[in-house]
Amino acid sequence: MSAAQADMSLKPSPSRRAVLRWGRHRGTLIAIAAFLVCLGLIRLVSGSLNYYDISTIATGGATLATAAIGQTVVVLSGGFDLSAAAVISLVNVTLASHMQDDPSSILLWSCAGIAIGAAAGAFNGFFIAFLRLQPIVVTLATMFILQGVTLLVMDKPGGQLPAGFSAFFTADVIPDWLPGPVLMLVLLVLGWFLLKNTIFGKAIYAIGSDRDAARAAGLDTRLCEFFVYVLAGGLYGLAGVFISAQTGSGDPLVGNPMLLQMFAAVVVGGTLLGGGRGGPVGTIFGAYVLMMVVNILLVLNVPAFYSSVVEGTILILAVLGASITRTSVLASTLRLGGHRLSAWRQGRLPRQLTLTETRLRLPDEPARAARSQVARPSFWIRRQEDLRTVLPAFACFAIVLVVSQFVLGSTLLSWGYYNSLIVLASFLAILALGQGSVILTGGLDLSLPWTIAFCGIVSAGLMKGSDSAMLYALPLALGIGTFIGLMNGLGIVALGLSPIVMTLAMNGILQGFALVYSGGTPDGFSAPGLRWIMTGQVMGVTPIVPLVILFVLVATILLGRTAFGRRVYAIGNGMRAAELSGVPVGATLVKVYMLSGFCAALVGCLLAGFSGQASLGMGDDYLLPSIAVAVVGGTLITGGRGRYIGMIGGVLLLTALQTLLAGTTLPYATRAILYGVVVLCAVITLREKNT
């Protein structure tokens, strides 16, 4: 065979090339088809589809599409960015507070909005690319820092943007032919195609496919990853500029609903979570599909409260649809279930067989006696690593106590101060067990905020101020939280979804359920007995204080002295190694998320008892602190290392800091900034100790 013939034999056939092209662009083509179907449904439902309707759709989805393009670039490189929505809010309030009705001011602050986003991206990129910190933790901490800064700029909706600024971004470029938002998205797509063919554009896909291989090929992966976040931040900034033009005013919460929508648009558009495949074109169509689905439901008189439920469900289904292959986790789960069912019918399951028990032979008595005479290391030697990671939190707590004595007075020797401190710390102490266990396995539970709120709303709504109703309301609320954790665990274990995706989607779904259940206005009051537990006094001691101490003792034993705790640490240190060692990884992970859901539900009930009633968003302030107390307490964010007693040190430290700040004139927004900075500092410190 000649060289030419050999070369021809290596080339795929035309039909094979067509299949490969379809595989590469399948997600984009499906998103386009879904977009066309949604347009047809809108025309069917509304009876018409004219230029005005198309212009309205184009304007309504442009902000989400622009922000989702930025998220796509990050996902293509193998990362996640949870700070995107906070960047949009910050840009919005900044423009609403400073822009004047003058062409030079409009141009200056429009560019400043993009620059603010790029600066936030550079902040993320520095910690992720050069310090090699986890993208999820860094961007989550950045999200809270930016939210605090946003509230410092504008703590409530207000401000007004010039009409000329709004017209520049939202008016038609060619009257009755080309809406301005469409031109903006077309220019972004053209810019992407130009970037895609550069070394930087190719490096994005290479890093997302295999970072080590990209580095071995000579690519500067760190610098590339840094500029990925800068580029994404600039796009978030542009989205903030556009939504400012669209709304004409400022709102510090304007970007919050977009985080879930961004990930849903990215996945619906065919970009693979984990990186290496996809692109912004599909994302744009995915964003419009998402927006139009919600609009169609509104036209069909489906309450707007269901929108987050729909978005969360779409995200889960899209991720499943993109990952279904013969080797996917879902396919493996179905095959295993079929094999187990067949074995059960044939009576061949281990529990159905009569097996002879065999045990390893233990060493004889003399050998055991000789081994027992070997001197064991002292307690301090054996616990050296644990003490090194746990003690700093307690040492910093002691420093905060001393500072509080000087600033507030009557703290060091005041039982009332410590009683109040433990009451306030009780919520984080409970969450530390659930979220801490999840972190020890290498995951994160982002569904805590609305698990707390939903279970609190349910419990208060059932109690309605009755102690007798508490007997069934509390168990039901705790059962709901445990069931939510079960759904999270099954989605991660049986369906193969990422913990971040599954719990983020679940958080959105629970938000919708909470709004539907309460009608947007929670009613009902906590039982007097539960309120007494949280706020009463018995000889100067609040009843919750001894209960929290008991909880801490039980939790310490659970994670440190039981088979369940050992399995949690084994999974965090290496899931595959744990499987080969006989650890039931799947069952343990499901139990971990059930424990997290139970703890979140318990906190929701206690918060309702503490304040007397439940409220929407009552759990929003506890997501980052639940992670912060674990990290500050010496827990490795990638899992496998940490102690619950160290988490309690983190709880006491952050609660004492919160109490100290509450006694000063610093704004409330500084608390969010403080939490974000503390998490970043703790993660950096632990990373340096681990290297």
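The text that follows walks through the structure, step by step, so that each part is easy to find.

Reading the values: rules and limits
Residues numbered from 1 in each chain as written. Predicted model: local features only at pLDDT ≥ 70, side-chain atom pairs only at ≥ 80, totals over all residues. Heavy atoms only, no water. Helix = DSSP H or I, 4+ residues; strand = E, 2+ residues; numbered from the N terminus. Salt bridge = Lys/Arg side-chain N within 4 Å of Asp/Glu carboxyl O. Buried < 20%, exposed > 50% of the residue type's maximum accessible area, 1.4 Å probe, protein only. Bend = angle between axes of the 7 residues up to and from the residue. Polar contact = N/O pair within 3.5 Å; in protein donor to acceptor, adjacent residues only side chain to side chain. Phe/Tyr/Trp six-rings, centres within 6.5 Å; stacked < 30°, edge-to-face > 60°.

### Things to note about unusual backbone geometry
A negative phi angle is the norm for most residues apart from glycine, just as the trans form is the norm for most peptide bonds. Despite not being glycine, Arg132 shows a phi value in the positive range, around 60°. Within the secondary structure, Arg132 sits in the loop between helix H5 (103-130) and helix H6 (135-153). Its identity as a non-glycine residue notwithstanding, Lys464 has a phi of 50°, on the positive side. With respect to the element layout, Lys464 can be found in the loop between helix H20 (448-463) and helix H21 (467-493).

### Remarks on the pattern of salt bridges
Within this structure, the stated rule accounts for four salt bridges. For the salt bridge of Asp212 with Arg215, the shortest nitrogen-to-oxygen distance reads 3.0 Å. Of this pair, Asp212 and Arg215 are both found in helix H10 (residues 211-216), three residues apart, which corresponds to roughly one turn of the helix. The exposure class assigned to Asp212 is exposed, which follows from its relative accessible area of 54%. Two residues, Glu579 and Arg576, come together in a salt bridge whose shortest N-O distance is 3.1 Å. Of this pair, Glu579 and Arg576 are both found in helix H26 (residues 575-580), three residues apart, which corresponds to roughly one turn of the helix. When its relative accessible area of 55% is taken as the criterion, Arg576 is described as exposed. The structure contains a network of salt bridges with shared partners spanning Arg132, Arg211 and Glu225.

### Some details on helix H3 (residues 51-76)
Bending of H3 peaks at approximately 45° at the position of Ala62. Within H3, 20 of the 26 residues are buried, which leaves the element mostly enclosed by the surrounding structure. For H3, the side-chain oxygen to backbone nitrogen distance between the N-cap and Tyr52 is 3.2 Å, and the N-cap itself is Asn50. Once H3 ends, the next one or two residues include Gly78, with phi positive near 90°.

### Let's talk about the packing of aromatic side chains
Here the structure, examined in full by the defined rule, presents 16 aromatic pairs. For the ring pair Phe35 and Phe285, a centre distance of 5.2 Å and an interplane angle of 75° mean the geometry is edge-to-face. With Phe35 in helix H2 (residues 14-46) and Phe285 in helix H13 (residues 280-299), the pair connects residues that are 250 residues apart, well separated along the chain. Residue classification places Phe285 among the partly exposed residues on the basis of a relative accessible area of 23%. With a centroid separation of 5.5 Å and an interplanar angle of 75°, the aromatic rings of Tyr417 and Tyr418 are classed as edge-to-face.

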